[in-house]
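Listed here are the chains, written in short residue letters.
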Amino acid sequence: MPLVDYARTRRPVFDIDLDAEPCDRWAEVGRRNKAKLARFLRDIEAMSHEFVDTFVDRSESWLPASLRRLSKSVLRPLLSGASRLTGSIGARVARSFGEDYADEIRGLARASGLPESKLFLANLTYDLAVEFERRSGACSSFSVVVAGTPVLVRNMDWARPESTGRFTVMTRFHKGSTSYVNVAPLGCVGVLSAMRAGAWAVTLNQACPTGPLQIPQWPVMHRIRKACDTSLSFPALLRQLADMQTMSPFFAHAVGTKPNQQVVVEGTSESFLTRKAKPGRPLIQTNHFVHGSHRHHNGADYQGRDCEICDRYAALEQRLRTKPRDFADAFSRIRGRPVTHSETMNQMAIRPADGHAVVRVRT
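Since the model is a prediction, treat every value here as computed from it, not as a measurement. (Residues numbered from 1 in each chain as written. Predicted model: local features only at pLDDT ≥ 70, side-chain atom pairs only at ≥ 80, totals over all residues. Heavy atoms only, no water.)

Engineer: Can you break down the side chain of R11 residue by residue, with the values?
Structural biologist: Position of R11 among the secondary structure elements: in the loop between β1 (3–5) and β2 (13–17). For the buried R11, no salt bridge exists, and the shortest N-O distance to an oppositely charged side chain is 12 Å, to D5. In terms of polar contacts, R11 uses its side chain to reach the backbone carbonyl oxygen of G165, at 2.9 Å. When residues no more than four places from it in sequence are discounted, the contact partners of R11 are Y6, G165, R166, F167, T168, V361, R362 and T363. (Helix = DSSP H or I, 4+ residues; strand = E, 2+ residues; numbered from the N terminus. Buried < 20%, exposed > 50% of the residue type's maximum accessible area, 1.4 Å probe, protein only. Lys, Arg positive; Asp, Glu negative; His and termini not counted. Salt bridge = Lys/Arg side-chain N within 4 Å of Asp/Glu carboxyl O. Polar contact = N/O pair within 3.5 Å; in protein donor to acceptor, adjacent residues only side chain to side chain. Contact = heavy atoms within 4.5 Å.)

Engineer: Could you give me a rundown of the sheet that holds strand β11 (residues 272–276), with the residues and numbers involved?
Structural biologist: Here we have eight strands laid out as an open sheet, ordered β2-β5-β6-β7-β8-β9-β10-β11, and mixed in their pairing. Looking at which strands have only one partner, the edges of the open sheet turn out to be β2 and β11. When strand polarity is set aside, the average angle formed by the axes of neighbouring strands in this sheet is 20°. As paired elements, strand β10 (residues 262–267) and β11 share five bridges and run antiparallel to each other. Bridge pairing in β11 links V264 to R275. Each of β5 (168–175), β6 (178–185), β7 (193–196), β8 (200–206) and β9 (250–255) is contacted by helix α8 (residues 220–230), which is oriented at about 170° to β8, the strand it contacts most. Contacts between helix α9 (residues 234–241) and the sheet are confined to β8, β9, β10 and β11, with β9 contributing the most and set at about 170° to the helix. (Pairing = 2+ DSSP bridges. Axes fitted to C-alpha atoms, helices over the stretch in contact; angles between N-to-C directions.)

Engineer: Quick rundown of the nonpolar core? Include the residues and the values.
Structural biologist: Within the largest apolar cluster, 80 residues are counted, with the highest numbers of intra-cluster contacts made by Y126, W200, V202, C228, L241 and F250. Looking at this core element by element, the count peaks at six residues for helix α2 (residues 34–58). Leave out the neighbours within four places in its chain, and F250 touches Y126, L204, N205, A207, V220, L241, M244, V265, E266, G267 and F272. The next biggest cluster of nonpolar side chains, apart from the first, holds 20 residues, and it includes V146, C307, I309 and I334. (Core = buried A, V, L, I, M, F, W, Y, C linked by side-chain atoms within 4.5 Å.)

Engineer: Any chance you could break down the pairing of β7 for me, citing the residues and the numbers?
Structural biologist: Neither face of β7 is open: one carries S193 and M195, the other A194 and R196, and all of them are buried. Relative to β7, β6 is paired through three bridges, and the arrangement is antiparallel. Paired with V181 across the bridge in β7 is M195. The pairing of β7 with β8 spans four bridges and is classified as antiparallel. Each bridged residue has a counterpart across the sheet, and for R196 the counterpart in β8 is W200. In this structure, the hairpin formed by β7 and β8 is closed by a connection of three residues, where G198 is found at a positive phi of approximately 85°.

Now the structure itself:
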């Protein structure tokens, strides 16, 4: 199915009041979207069964011990529809979500009548995908200055499950008079791609694994949500992103409102390094470590120049040799193969300086 403008899908923009009690914030979303959420959770459940049965049981020679324990002690109870996480590892994982976000998930489960265990599972999909997909994950982003302000352009190529695009939604988080907008799968309370108008924008790209999952650190999408919830300025967001102990590695591509505010944070779960755009040049990120001190995490076969590691990186580097004329021209540079393909679930261009954004999703 094609990518279409979000406004044409008639999907809502959910409103989440951060001044409300965490257990109440998603109640209306749960009540009004029970059927859709149930369908998406069934797809996530089927994907996770495949993960447990195929990759855990048959691939223990390469699967990290902590992930085997996670899979067998936590994923199986989650897949069974148990009302709560069970086992000592399960309890640690539940705590790792952050108290407010764990309560949000429980409140969403109560309002929708769906098993909270499976909603916890849905909120672990990024971290599980880091190991599940290994190097096959594909997200692409770049930032470039157009008319004096940064524009962030990104493809989210997260096709596990394949229905992710159909269940992608926009959410407005607000606290008092301040707010930001997030684009993420239904049922996920974390942040995948977000913008606070007049301040910043940030998107998450999947990283390759750098070691076992770090339990009980926070899932990546929830830790980025925490940074977004508490950051009213680009410098504040950058400080939060560069100090995030997480369950798995990640790349966070962030821009502000000034030309020099373009940064990629490379997180390995334990250490964080940043890359900044060179004056007059775009900043590109796909799914490999680019910083020289992190490149060893790409593996022995991935130590060449950036564009030799990833065909999408090479394509964007070539397309951006000439500077985009305007916002629409910048957005056009991410379209077409190999950057946009059948697994691209959503696509966007966002400009925090004035809050302008165009979001396209699979239908």
